[in-house]
Amino acid sequence: MGERGVALAGAPFLRYDSIDLAADRLVVVAGVPVPHPVEGAGDIHAATLPAGRYAVAHHHGHPDRLAGTIESLLAWAGQEGLTWDLTEKDGAEHWGCRLERYLSDPRDHPDPSTWDIDLEFRLA
């Protein structure tokens, strides 16, 4: 985006489209929000995140430690009777939108144990 003169409009993110823990297979898209539509090229594709209601949890610390925050978010939603925008097929979870937003800039915070990450999972 820098080469195109486009400033980011927020934190970069990972979007988990499909998760199959049994097969140790993930389909993940890395993205950055931009202030206006930008045409993709090569391996870069323009897309829009779906609108809707999201459950959000904040994590402070190394990304390798996200599992506990994810488990807490999933358990909380279950206790609240909420359902995810999620389908299961052939043992894999296919998410309507499941994001990890990386709020800390690694240039300013080189130690991942100090990072702030928001988990945003779309509700059905």
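None of the values given here were measured: they were computed from a predicted structure.

## Quick word on the overall build of the protein
Okay, step 1: Assigned secondary structure in the protein consists of one helix and seven strands.
Okay, step 2: Put simply, the protein runs from its N terminus to its C terminus through helices and strands in the order β-β-β-α-β-β-β-β.
Okay, step 3: The principal-axis extent of the C-alpha atoms belonging to the protein is close to 45 × 30 × 30 Å.
Okay, step 4: For the protein, the residues scored as buried account for 31% of the 124 residues in total.

## Description of a nonpolar patch on the surface
Okay, step 1: On the surface, Leu 21, Leu 26 and Val 28 cluster together into a nonpolar patch covering about 300 Å² of accessible area.
Okay, step 2: Secondary-structure assignment places Leu 21 in the loop between strand E1 (13-20) and strand E2 (25-31).
Okay, step 3: Look at Leu 21 and you get exposed, because its relative accessible area is 71%.

## A short note on the pairing of strand E4 (residues 86-89)
Side chains on a regular strand alternate between the two faces of the sheet.
Okay, step 1: Across four bridges, the pairing between E4 and strand E5 (residues 92-95) is antiparallel. By the bridge assignment, Thr 87 is partnered in E5 with His 94.
Okay, step 2: Between E4 and the antiparallel strand that follows it, E5, lie two residues; Asp 90 among them carries a positive phi value of about 55°.

## Some remarks on the nonpolar core
Okay, step 1: Among the nonpolar cores identified, the biggest contains 16 residues, and Leu 66, Leu 73, Trp 84, Leu 119 and Phe 121 are the most heavily contacted of them.
Okay, step 2: Mapped by element, the contributors of at least two residues to this core are E1, strand E3 (54-60), helix H1 (66-79) and strand E7 (116-122).
Okay, step 3: No other element matches the four residues that H1 contributes to this core.
Okay, step 4: Each residue touching Leu 119, except ones within four places of it in the same chain, is listed here: Ala 55, Val 56, Ala 57, Leu 66, Thr 69, Ile 70, Leu 73, Leu 99 and Glu 100.

## Thoughts on H1
Okay, step 1: The first and last C-alpha atoms of H1 sit 20 Å apart over 14 residues, in line with the 20 Å expected at 1.5 Å per residue.
Okay, step 2: Every buried residue of H1 is accounted for by Leu 66, Thr 69, Ile 70, Leu 73 and Ala 77. Summarising the axial view, the buried residues of H1 lie within an arc of 100°, below the 170-degree limit, and thus occupy one face. Seen from the open side of H1, the exposed residues pointing more than 90 degrees away from its buried face are Glu 71, Gly 78 and Gln 79.
Okay, step 3: Buried-residue contacts for H1 involve E3, strand E6 (98-102) and E7.

Thresholds, definitions, all that
- Residue positions are given per chain, counted from 1 along the sequence in the order it is written.
- Restriction of local features to residues with pLDDT of at least 70 applies here, the model being predicted, together with a cutoff of 80 or more for giving and counting side-chain atom pairs; totals for whole chains, interfaces and linings are based on all residues.
- Excluding hydrogens and water, the side-chain values take into account all heavy atoms of the structure.
- Here a strand is any run of E in DSSP of at least two residues, a helix any run of H or I of at least four, and the numbering for each starts at the N terminus.
- The classification of residues rests on relative accessible area computed with a 1.4 Å probe and restricted to protein chains. Under 20% of the type maximum is buried, over 50% is exposed, and intermediate values are partly exposed.
- Note on patches: the residues involved have over 30% relative accessible area and no salt bridge, like charges join within 9 Å, and the nonpolar side chains Val, Leu, Ile, Met, Phe, Trp and Tyr join within 5 Å.
- Only the protein chains shown count as cover for residues, with accessible areas throughout obtained via the Shrake-Rupley method and a probe of 1.4 Å.
- For this document, the term salt bridge refers to a Lys or Arg side-chain nitrogen within 4 Å of an Asp or Glu carboxyl oxygen.
- Two strands make a pair as long as DSSP finds a minimum of two bridges between them.
- Nonpolar core, defined: a set of buried Ala, Val, Leu, Ile, Met, Phe, Trp, Tyr and Cys residues in which side-chain atoms within 4.5 Å join the residues together.
- Contact between two residues is taken to exist if any of their heavy atoms lie within 4.5 Å; hydrogens are not considered.
- A helix's residues, less one, multiplied by 1.5 Å, set its expected span.
- As used here, the arc belongs to the directions running from the helix axis to the C-beta atoms.

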